[in-house]
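Remarks on the overall topology
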Amino acid sequence: MPSLPQRLAAVDERISAAARSAGRDPAEITRIVVTKFHPARLVRELFDLGVRNFGENRQQELTAKAEETSDLDGLRWHFIGQLQTKKARQVAAHASVVHSVDRDRIAQALERAARPDDHLDVLLQINLTEDAARGGAAPADILPLAERIAGSSVLRLRGVMAVAPLDAEPAEAFAELAAHAARVRSIVPDARWISAGMSADLEEAVAAGATHLRIGTAITGERPSGA
Ligand SMILES: *Cc1c(COP(=O)(O)O)cnc(C)c1O
């Protein structure tokens, strides 16, 4: 089993190679390490290796780890999981970016939770499956939601996020996401971020223009069992 520094370096090499073959600058790609189900100790180890962007998908875990690592300067938390309105306050308190805004009520809850003199960066999560229970806005709801967020003085719409469906070719899913991203930019031209790509499909995501990759297991190793 390669060590943590080796796994991190291997992923970064994959990202650089994918960027090169797409004619892109790897420096324009943010690699977020998803530490869900792993202890705050791992966040510290990764921080010491130079990682600054971390992802969590559950509010309780985000809150606990953010508090345990609050001494680490420059660390940024990305909230990437399905969000409930009653958890919005805690998420807004700790996350620099919320990737999973998928309906009006979530936008409203985050707006209320964020400090009024502050900005909260958000991404509009898009559901690329037919299953409405999966997180993300249905394609028909994307433009109204983008307009809603664009009208907020607190939330700053930075782009879109999606998870490739299990039963689809990642390349096709990410091409579809890129098309939705362009529609969002017709409303908010600055919303250029595309959060896509995980351990298994980061190459396809980079080829399709992803600016933010959410990488878990390829760096952290398997999540503790039961997770
Ligand atoms: C867990 C998770 C990831 C990371 O997945 P890996 O396959 O472990 O790289 C990325 N995005 C979301 C939304 C996740 O929940």
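Residues numbered from 1 in each chain as written. Predicted model: local features only at pLDDT ≥ 70, side-chain atom pairs only at ≥ 80, totals over all residues. Heavy atoms only, no water.

A look at the pattern of salt bridges
What the rule picks out here adds up to 14 salt bridges. When the shortest N-O distance is used, the salt bridge between Glu203 and Arg14 registers 2.8 Å. Here Glu203 is found in helix H8 (residues 202-207), whereas its partner Arg14 is found in helix H1 (residues 4-21), with 189 residues between them in sequence. Judged by relative accessible area, Glu203 falls into the partly exposed class, the value being 30%. Its salt-bridge partner being Glu28, residue Arg24 comes within 2.9 Å of it at the nearest N-O pair. Among the residues examined, Arg24 registers a relative accessible area of 15% and is labelled buried. It is possible to trace a salt-bridge network through shared partners that takes in Glu56, Arg58, Glu61 and Lys65. (Salt bridge = Lys/Arg side-chain N within 4 Å of Asp/Glu carboxyl O. Helix = DSSP H or I, 4+ residues; strand = E, 2+ residues; numbered from the N terminus. Buried < 20%, exposed > 50% of the residue type's maximum accessible area, 1.4 Å probe, protein only.)

Considering the packing of helix H5 (residues 104-113) against helix H6 (residues 142-150)
Relative orientation of the contacting elements H5 and H6 amounts to 15°, with a least axis distance of 10 Å. Regarding the angle of H5 to H6, the classification is roughly parallel. At the point where H5 passes H6, the crossing takes the right-handed sense. On H6, the residues that touch Asp104, Ala107, Gln108 and Glu111 of H5 are Leu145, Arg148 and Ile149. (Axes fitted to C-alpha atoms, helices over the stretch in contact; angles between N-to-C directions. Parallel < 35°, antiparallel > 145°, perpendicular 65-115°, else oblique. Left-handed = near helix turned anticlockwise from the far one by under 90°. Contact = heavy atoms within 4.5 Å.)

Here's the deal with the packing of aromatic side chains
Using the criterion set out here, one finds 1 aromatic pair in the structure. Ring centres of Phe54 and Trp77 lie 5.6 Å apart, and the angle between their planes is 45°; on these two criteria the pair is classed as tilted. Pair noted here: Phe54 is in strand S2 (residues 53-56) and Trp77 is in strand S3 (residues 76-79), with a separation of 23 residues, a long-range link. Judged by its relative accessible area of 0%, Phe54 falls in the buried class. A cation over a ring is seen here: Arg52 above Phe47, with NZ or CZ 3.6 Å from the ring centre. (Phe/Tyr/Trp six-rings, centres within 6.5 Å; stacked < 30°, edge-to-face > 60°. Lys NZ or Arg CZ within 6 Å of the ring centre and 35° of its normal.)

Quick notes on the layout of surface pockets
Size it by volume and the largest pocket reaches roughly 780 Å³. Lining the largest pocket are 27 residues, and of these Lys36, Arg134, Val163, Met198 and Arg214 lie nearest its centre. Here the residues of the lining of the largest pocket sort into 12 nonpolar, 10 polar and 5 charged. By volume, the second largest pocket is sized at about 180 Å³. In this structure, the second largest pocket is lined by Arg89, Ala92, Ala93, His94, Ala95, Ser96, Ala113, Ala114, Arg115, Asp118, His119 and Leu120. Across the lining of the second largest pocket, the residue classes break down as 6 nonpolar, 3 polar and 3 charged. (1 Å grid on protein atoms, 1.4 Å probe; cavity = no way out; pocket = protein on both sides within 12 Å on 5 of 7 lines; lining within 4 Å. Points joined across faces, edges and corners; volume = space filled by probe spheres on them. Nonpolar A, V, L, I, M, F, W, Y, C, P; charged D, E, K, R; others polar.)

Structural notes on the side chain of Thr35
In this structure, Thr35 sits in the loop between strand S1 (30-34) and helix H2 (40-48). A relative accessible area of 0% places Thr35 in the buried class. A distance of 2.7 Å separates a polar atom in the side chain of Thr35 from a polar atom in the side chain of Glu56. Leaving out residues up to four positions away in the same chain, Thr35 has contacts with Leu42, Val43, Leu46, Phe54, Gly55, Glu56, Glu61, Lys65 and Trp77. (Polar contact = N/O pair within 3.5 Å; in protein donor to acceptor, adjacent residues only side chain to side chain.)

Here's the deal with the site of the ligand
Taken together, Val34, Lys36, Asn57, Ile80, Met198, Ser199, Arg214, Ile215, Gly216, Thr217 and Arg223 are the residues near the ligand. Between an oxygen atom of the ligand and a side-chain N or O atom of Lys36, the distance comes to 2.7 Å. Within the side chain of Ser199, an N or O atom sits 2.5 Å from an oxygen atom of the ligand. For the ligand, whose free accessible area comes to 390 Å², the fraction covered by protein is 87%. Spatially, the ligand is embedded in the largest pocket. Across the shell around the ligand, the residue classes break down as 4 nonpolar, 4 polar and 3 charged. (Near = heavy atom within 4 Å. Areas by Shrake-Rupley, 256 points an atom, 1.4 Å probe, with all protein chains shown as cover. Sits in = over half its atoms within 2 Å of the grid points.)

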